[in-house]
Amino acid sequence: NLEELASDMQRHSTLSQSASASLAQQLAEAQLALSSALGQSTIVQEELNCKREECEHLGRELLESNQRADALEDRIRTLELELQTTSDNLVATSLTAQTTLAQFRETEEELKRLHLGLQAALAATGRLESELSEANRHRD
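Note that residues are indexed from 1 along each chain, following the sequence as it is written. With pLDDT at 70 or above as the cut-off, local features in this predicted model cover only qualifying residues; side-chain atom pairs require 80 or more to be listed or tallied, and sums for whole chains, interfaces and linings still use all residues. Calculation of side-chain values draws on the structure's entire complement of heavy atoms; hydrogens and water are dropped beforehand.

(A) The overall build of the protein chain, seen in detail. Strands are runs of DSSP state E lasting at least two residues, helices are runs of H or I lasting at least four, and both sets are numbered from the N terminus onward. A count of helices and strands for the protein chain gives one helix and zero strands. The principal-axis extents of the C-alpha atoms in the protein chain amount to approximately 200 × 20 × 15 Å. Burial classification: accessible surface area is computed with a 1.4 Å probe over protein chains only, and a residue below 20% of its type maximum counts as buried, one above 50% as exposed, and the rest as partly exposed. Looking at the protein chain as a whole, 0% of its 140 residues are labelled buried. All accessible areas in this document rest on Shrake-Rupley with a 1.4 Å probe, and a residue is counted as covered only by the protein chains that are shown. In the structure as shown, the protein chain presents an accessible area of about 12600 Å², 59% of it carried by carbon and sulfur atoms. The averaged location of the 25 negative side-chain charges in the protein chain is 17 Å from the averaged location of its 13 positive side-chain charges. Note on charges: Lys and Arg go in the positive column, Asp and Glu in the negative column, and His and the chain ends are not counted at all. Throughout, a charge is located at the NZ atom of Lys, the CZ atom of Arg, the CG atom of Asp or the CD atom of Glu.

Structure, rendered in structure tokens:
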């Protein structure tokens, strides 16, 4: 019985040593896997930091671009208002020019009438001078 007990204890000790060796091997493999995972985690964290910084940079660029677009829209609205004012001024100037042209034509017609009247007066004066001259010759 003692021999059996010793044999059982020897077998149990061998199994225990084998199990310990196996557990030690599994622990070493787990530590290696954990170390590898930590290394990968660090790499992923660094990549995430880079992506975050890139996103922040792109966000700032987008904000600046939006601000420039807003400024350009404001400038376009200002130019549209200036263009409308210029257009209104051109319409007013055109109306003034049309009125001035109509007045000029009226004045031109009046000058033509006056010219014709003056020509008629000159002709009448010429006739009167001839008649006066003729009358003076008869009187002499």
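(B) Summary view of the state of the cysteines. Two cysteine sulfur atoms form a disulfide, by the criterion used here, when they sit within 2.5 Å. Scanning the model with the defined rule gives zero disulfides in all. Cys 50 carries a free sulfur, and the closest cysteine sulfur to it, the one in Cys 55, is 11 Å from it. Judged by its relative accessible area of 53%, Cys 55 is exposed.

(C) Representation of the pattern of salt bridges within the structure. When a carboxyl oxygen of Asp or Glu lies within 4 Å of a side-chain nitrogen of Lys or Arg, that pair is called a salt bridge. A complete count under the given rule lists six salt bridges for this structure. The shortest N-O distance in the salt bridge between Lys 112 and Glu 109 comes to 3.9 Å. With Lys 112 and Glu 109 both in helix H1 (residues 2-139), this residue pair falls three residues apart, about one helical turn. The class of Glu 109 is partly exposed, set by a relative accessible area of 39%. Two residues, Arg 137 and Glu 134, come together in a salt bridge whose shortest N-O distance is 3.3 Å. Linking Arg 137 with Glu 134, this pair stays in helix H1, spanning three residues, or about one helical turn.

That is the geometry; function is a separate question.
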